[in-house]
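# Observations on the model geometry
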Amino acid sequence: MTDPSQEAPPAIDSRLLPILRQALDVVRMILFKELRDYFSATRPDRANEAGRLAAGVLNDLFGVANPNEAYIAFMDANREEIDTALADFPSRFERFLIPLTDALRMQFLCDSCEGLDDSTDFLVRAKERGVLLAERDLPLPHHFLELVRRLGAAYGLVSPPSESARA
């Protein structure tokens, strides 16, 4: 098993980066919907906060830091619930581990190609939490986009490719 932070990112054509970023957003939207529905169902008394809890889990998974003071206070006040959802993620959302693994790695790849700060910490945390499938190969951009296209079509977020486009 290799350390996910040690994977050398391949070079990506800069014209492909915005497309990959959009695909990452599709994965995040799907995970947000699933997490929000989970929080609404398991905590009906806090249904009005389900979206914020889901965003907290996603931001933690993808290493996003929101500097807004109200957000930070919400995260601090709900840290235990968010940590529980993160710990339960591998078993509760097992069907999303492959797209999540590929999305996390693709985010790292995009960040590296764009010269953004070192973003290996979120990969290491994801591996420790059991949400990063370390044995899974780094996806090629084409394969990642195809996975997201199928997943997005299943959720009605993207149109499936036409028959002529597949030929």
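It should be emphasised that the depicted structure is a prediction, and the values quoted were computed from it without experimental measurement.

### Considerations on the pattern of salt bridges
As a working rule, side chains carrying opposite charge can pair if their charged atoms are close by. Overall, the coordinates contain 15 salt bridges when judged by the stated rule. The partner of D45 in a salt bridge is R43, with the nearest N and O atoms 3.3 Å apart. Via salt bridges that share partners, R43, D45, R46, E49 and E81 belong to a single interconnected network.

### A look at the packing of aromatic side chains
Taken as a whole, this structure holds 4 aromatic pairs when the rule is applied. Pairing F89 with F93 gives two aromatic rings, centres 5.0 Å apart and planes at 35 degrees, and the pair type is tilted. Comparing F89 with F93, the two get one shared label, buried. Cation over ring: R28 sits above F62, and NZ or CZ is 4.9 Å from the ring centre. Between R52 and the ring centre of F74, over which it is positioned, the NZ or CZ distance is 3.9 Å.

### Here's the deal with the packing of helix 1 (residues 17-42) against helix 4 (residues 79-92)
The geometry of a pair of packed helices is captured by two quantities: the angle between their axes and the separation between those axes. Between helix 1 and helix 4, whose axes approach to 12 Å, the crossing angle comes to 115 degrees. Relative to helix 4, helix 1 is oriented roughly perpendicular. The chirality of how helix 1 crosses helix 4 is right-handed. Along its contact with helix 1, which presents L31, L35, Y38 and F39, the element helix 4 presents E81, A85, D88, F89 and R92. Tallied by class, residues from the contact of helix 1 with helix 4 come to 6 nonpolar, no polar and 3 charged.

### Some points on the packing of helix 5 (residues 97-113) against helix 7 (residues 141-154)
Relative to each other, helix 5 and helix 7 sit at 135 degrees, their axes nearing to 11 Å. Here helix 7 runs oblique to helix 5, going by the angle between their axes. Viewed along their axes, helix 5 and helix 7 form a crossing whose handedness is left-handed. Where helix 5 abuts helix 7, its residues P99, D102, A103 and M106 lie against P141, F144, L147 and L151.

Rules used in this analysis
- Residues numbered from 1 in each chain as written.
- Predicted model: local features only at pLDDT ≥ 70, side-chain atom pairs only at ≥ 80, totals over all residues.
- Heavy atoms only, no water.
- Salt bridge = Lys/Arg side-chain N within 4 Å of Asp/Glu carboxyl O.
- Phe/Tyr/Trp six-rings, centres within 6.5 Å; stacked < 30°, edge-to-face > 60°.
- Buried < 20%, exposed > 50% of the residue type's maximum accessible area, 1.4 Å probe, protein only.
- Lys NZ or Arg CZ within 6 Å of the ring centre and 35° of its normal.
- Axes fitted to C-alpha atoms, helices over the stretch in contact; angles between N-to-C directions.
- Helix = DSSP H or I, 4+ residues; strand = E, 2+ residues; numbered from the N terminus.
- Parallel < 35°, antiparallel > 145°, perpendicular 65-115°, else oblique.
- Left-handed = near helix turned anticlockwise from the far one by under 90°.
- Contact = heavy atoms within 4.5 Å.
- Nonpolar A, V, L, I, M, F, W, Y, C, P; charged D, E, K, R; others polar.

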